[in-house]
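What the coordinates show
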Amino acid sequence: MPDKPLAYFITFTTYGTWLHGDPRNSIIRRGGKTEVMESNPQLYRHEQRHLKFPPVKLDSRHQILVREAILNLCTVRQWHLFALHVRSSHVHVVIRADCEINLVMDNLKRWSTRKLRENGFHGEKVWTMGGSKKYVFREEKLREKIHYVIYEQGTIMAYYMDERFRE
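Here goes a summary of the coordinates provided.

Rules of the game
Residues numbered from 1 in each chain as written. Predicted model: local features only at pLDDT ≥ 70, side-chain atom pairs only at ≥ 80, totals over all residues. Heavy atoms only, no water. Helix = DSSP H or I, 4+ residues; strand = E, 2+ residues; numbered from the N terminus. Rg over C-alpha atoms; globule rule 2.2 N^0.38 Å. Buried < 20%, exposed > 50% of the residue type's maximum accessible area, 1.4 Å probe, protein only. Areas by Shrake-Rupley, 256 points an atom, 1.4 Å probe, with all protein chains shown as cover. Lys, Arg positive; Asp, Glu negative; His and termini not counted. Charge placed at Lys NZ, Arg CZ, Asp CG, Glu CD. Phe/Tyr/Trp six-rings, centres within 6.5 Å; stacked < 30°, edge-to-face > 60°. Salt bridge = Lys/Arg side-chain N within 4 Å of Asp/Glu carboxyl O. Contact = heavy atoms within 4.5 Å. Expected span 1.5 Å × (residues − 1). Polar contact = N/O pair within 3.5 Å; in protein donor to acceptor, adjacent residues only side chain to side chain.

Attention now goes to the overall build of the protein chain. Secondary structure assignment for the protein chain yields four helices and seven strands. The secondary structure elements of the protein chain, listed N-terminal to C-terminal, are β-β-β-α-α-β-β-α-β-α-β. A globule of 167 residues ought to have a C-alpha radius of gyration of about 15 Å, and the protein chain, at 16 Å, matches this closely. The C-alpha extent of the protein chain, read off along each of the three principal axes, is 45 × 40 × 30 Å. For the protein chain, buried positions account for 41% of its 167 residues. Summed over its atoms, the accessible surface of the protein chain is roughly 9,800 Å², and 51% of this surface lies on carbon and sulfur atoms. Distance between charge centres in the protein chain, computed from 28 positive and 19 negative side chains, equals 4 Å.

Structure (structure tokens):
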């Protein structure tokens, strides 16, 4: 396995839309490891009651703004974007960048938030803290992640896909 990843597979969610105990399951970090947390209706209701701001759902206009921000960021930083899918409650990105994965995610969120604010989005919070960050080392895994991002998310919303990987 190469020591340098071919790409990063990054997912982050909008604020308040995927809480611990969620019926779709959720992820929890314990002792430096991530674990799947099964659905827990009681915990889910507790998390809902303790949100500081209303949950954020991106409408089609907001999704396009986030897509534009990420495309801009990739152009400016000269990062290679393989696939991007902006959903109403989360964003999936398959990207190659010349810097650390945490910095990539932070920039994706920061540039998206700025673009939303410049265009009238006034919610207090846009994204949840953190997100999913995975390294992709093999070509077949890269193709799997691209396929997942574009074709396995339900109705295609605001997206981008490197033409070399189009099916």
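So, on to the packing of aromatic side chains. All chains considered together, the criterion is met by six aromatic pairs. Their ring planes at 85° and their centres at 4.9 Å tell us that F12 and W127 sit as a pair that is edge-to-face. Placement of the pair is F12 in strand β1 (residues 7–13) and W127 in the loop between α3 (101–118) and β6 (132–136), with a sequence separation of 115 residues. Take W127: its relative accessible area is 6%, and that puts it in the buried class.

In this section: the pattern of salt bridges. With the rule as written, the count across this model stands at five salt bridges. Between E140 and R138 there is a salt bridge whose closest N-O contact spans 2.7 Å. The class for R138 is partly exposed, based on a relative accessible area of 38%. R143 is paired through a salt bridge with E139; the nearest N and O atoms lie 3.8 Å apart. Here R143 pairs with E139, and both are found in helix α4 (residues 139–151), just four residues apart, close to one helical turn. By relative accessible area, E139 is classed as partly exposed at 39%.

Of note, Q78 is a non-glycine position whose phi angle comes to about 60°, a positive value. Note on placement: Q78 falls in the loop between α2 (60–77) and β4 (80–86). Q78 gets classed as exposed once you look at its relative accessible area, which sits at 72%.

A word on the environment of A69. Structurally, A69 can be placed in helix α2. Apart from the residues within four sequence positions on either side, A69 is in contact with W111, S112 and K115.

So, about α2. Between its first and last C-alpha atoms α2 spans 26 Å; for 18 residues at 1.5 Å apiece the expected length is 26 Å, and the two agree. All buried positions along α2 are accounted for by H62, Q63, L65, V66, A69, I70, L73 and C74. As for α2, its buried residues are in contact with β4, β5 (90–96), α3 and β7 (158–161). The backbone nitrogen of R61 has a side-chain oxygen 3.1 Å away, supplied by the residue at the start of α2, namely D59. Positive phi appears at Q78, one or two residues downstream of α2, with a value of about 60°.

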